[in-house]
Amino acid sequence: QLRAGHRFSTDDILTAWYGTSWCPTACTALDLGSGIGTVGMICAWRLPGARFVTVEAQRESVALATKSARYNGLTDRYDLREGDFREFGILRPDERFELITGSPPYYPPAAGVKSDHPQRLACRFELRGTVADYCGTAAKHLAPGGFFACVFPTDTLQLARIEAGAKAAGLVIVRRRPVVFREGEPPLIALFGLMRSEDL
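Residues numbered from 1 in each chain as written. Predicted model: local features only at pLDDT ≥ 70, side-chain atom pairs only at ≥ 80, totals over all residues. Heavy atoms only, no water.

Q: Before we move on, can you summarise the side chain of Ser103 with the specific residues and values?
A: On the secondary structure map, Ser103 appears in the loop between strand S4 (97-102) and helix H4 (118-124). Side-chain polar atoms of Ser103 contact the side chain of Asp12, separated by 3.5 Å. Residues within four places of Ser103 in sequence aside, it is in contact with Asp12, Leu32, Tyr134 and Val151. (Helix = DSSP H or I, 4+ residues; strand = E, 2+ residues; numbered from the N terminus. Polar contact = N/O pair within 3.5 Å; in protein donor to acceptor, adjacent residues only side chain to side chain. Contact = heavy atoms within 4.5 Å.)

Q: Give a detailed account of the pattern of salt bridges, specifying residues and quantitative values.
A: If you walk through the whole model with that rule in mind, you get eight salt bridges. Across the pair Arg59 and Glu82 runs a salt bridge, and its minimum N-O distance is 2.9 Å. One end of the pair, Arg59, is in helix H3 (residues 59-71); the other, Glu82, is in strand S3 (residues 78-82), with 23 residues separating them in the sequence. Overall, Glu82 belongs to the partly exposed group, its relative accessible area being 39%. Residues Glu95 and Arg81 are paired through a salt bridge, measuring 2.8 Å at the closest nitrogen-oxygen approach. Of the two residues, Glu95 is situated in the loop between S3 and S4 and Arg81 in strand S3; the sequence distance between them amounts to 14 residues. With relative accessibility at 7%, the residue Glu95 sits in the buried group. The exposure class of Arg81 is buried, given its relative accessible area of 16%. Each member of the salt-bridge network shares a partner with another, and the members are Asp79, Arg81, Arg92, Asp94 and Glu95. (Salt bridge = Lys/Arg side-chain N within 4 Å of Asp/Glu carboxyl O. Buried < 20%, exposed > 50% of the residue type's maximum accessible area, 1.4 Å probe, protein only.)

Q: Describe the packing of aromatic side chains, listing the residues and the values that go with them.
A: All told, the structure shown has three aromatic pairs when counted by the stated rule. Between the aromatic rings of Trp17 and Tyr18, the centroid separation amounts to 6.0 Å while the plane-to-plane angle is 45 degrees, which identifies the pairing as tilted. Pairing Phe52 with Tyr78 gives two aromatic rings, centres 5.8 Å apart and planes at 35 degrees, and the pair type is tilted. With Phe52 in strand S2 (residues 51-56) and Tyr78 in strand S3, the pair connects residues that are 26 residues apart, well separated along the chain. Tyr78 carries the same exposure label as Phe52, and that label is buried. One cation-aromatic arrangement involves Arg175 over Trp22; the distance from NZ or CZ to the ring centre is 3.5 Å. (Phe/Tyr/Trp six-rings, centres within 6.5 Å; stacked < 30°, edge-to-face > 60°. Lys NZ or Arg CZ within 6 Å of the ring centre and 35° of its normal.)

Q: Hey, could you go over a nonpolar patch on the surface for me, with residue numbers and the actual values?
A: Taken together, the side chains of Val172, Val174 and Leu200 present a nonpolar region at the surface, about 230 Å² in accessible area. Here Leu200 shows up in the segment after strand S7 (189-196). (Patch = residues over 30% accessible without salt bridge, like charges linked within 9 Å, V, L, I, M, F, W, Y side chains within 5 Å. Areas by Shrake-Rupley, 256 points an atom, 1.4 Å probe, with all protein chains shown as cover.)

Q: Describe the packing of helix H1 (residues 10-22) against helix H2 (residues 38-46), naming the residues involved and giving the relevant values.
A: With their axes 8 Å apart at the nearest point, H1 and H2 run at an angle of 40 degrees to one another. In terms of orientation, H1 lies oblique with respect to H2. Seen along the crossing, H1 lies across H2 with a hand that is right-handed. Contacts between H1 and H2 involve Asp12, Ile13, Thr15, Ala16, Trp17, Thr20 and Ser21 on the former and, on the latter, Thr38, Val39, Ile42, Cys43 and Arg46. (Axes fitted to C-alpha atoms, helices over the stretch in contact; angles between N-to-C directions. Parallel < 35°, antiparallel > 145°, perpendicular 65-115°, else oblique. Left-handed = near helix turned anticlockwise from the far one by under 90°.)

Have a look at this one:
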């Protein structure tokens, strides 16, 4: 990771833990908007027999993830793809995965104070799609009975956004775990587990 760029976070670690906890036997996995590779590589450590595909649009982040995958001996079961997962051809229509993970950016471009670093900016703000896009792509590529794990804020507005995105994609939120970062304070984010409604 870069000193001044996007750094891995607790959100990434929790997403990987949640996905692999509820889908511990997955043999195929996809990480959407994979950034510097934190979620995917933790999942790979937790699922030593699984094969992974990761998709990330920022070239600099893909380069760092590639270096980390090589350093950790993952290249034989790790397919890193550079591009926007919403674009045709990044994922083949017939590709299916038992586990899909995602740590989408939380905020629309007009919200909040923006970082001067483009890598950090794209990880926080929705420059290339929303949580609904993550849900839509996950729904298209989940294997029968597959599990999509993601993280998102839990305030009323943000919760409504992930619920709407899931519904539009034909997904059902089957599990939700609020995350409290400091004792006595309300949860700021939650981990979500989603499945296709037709599989339930």
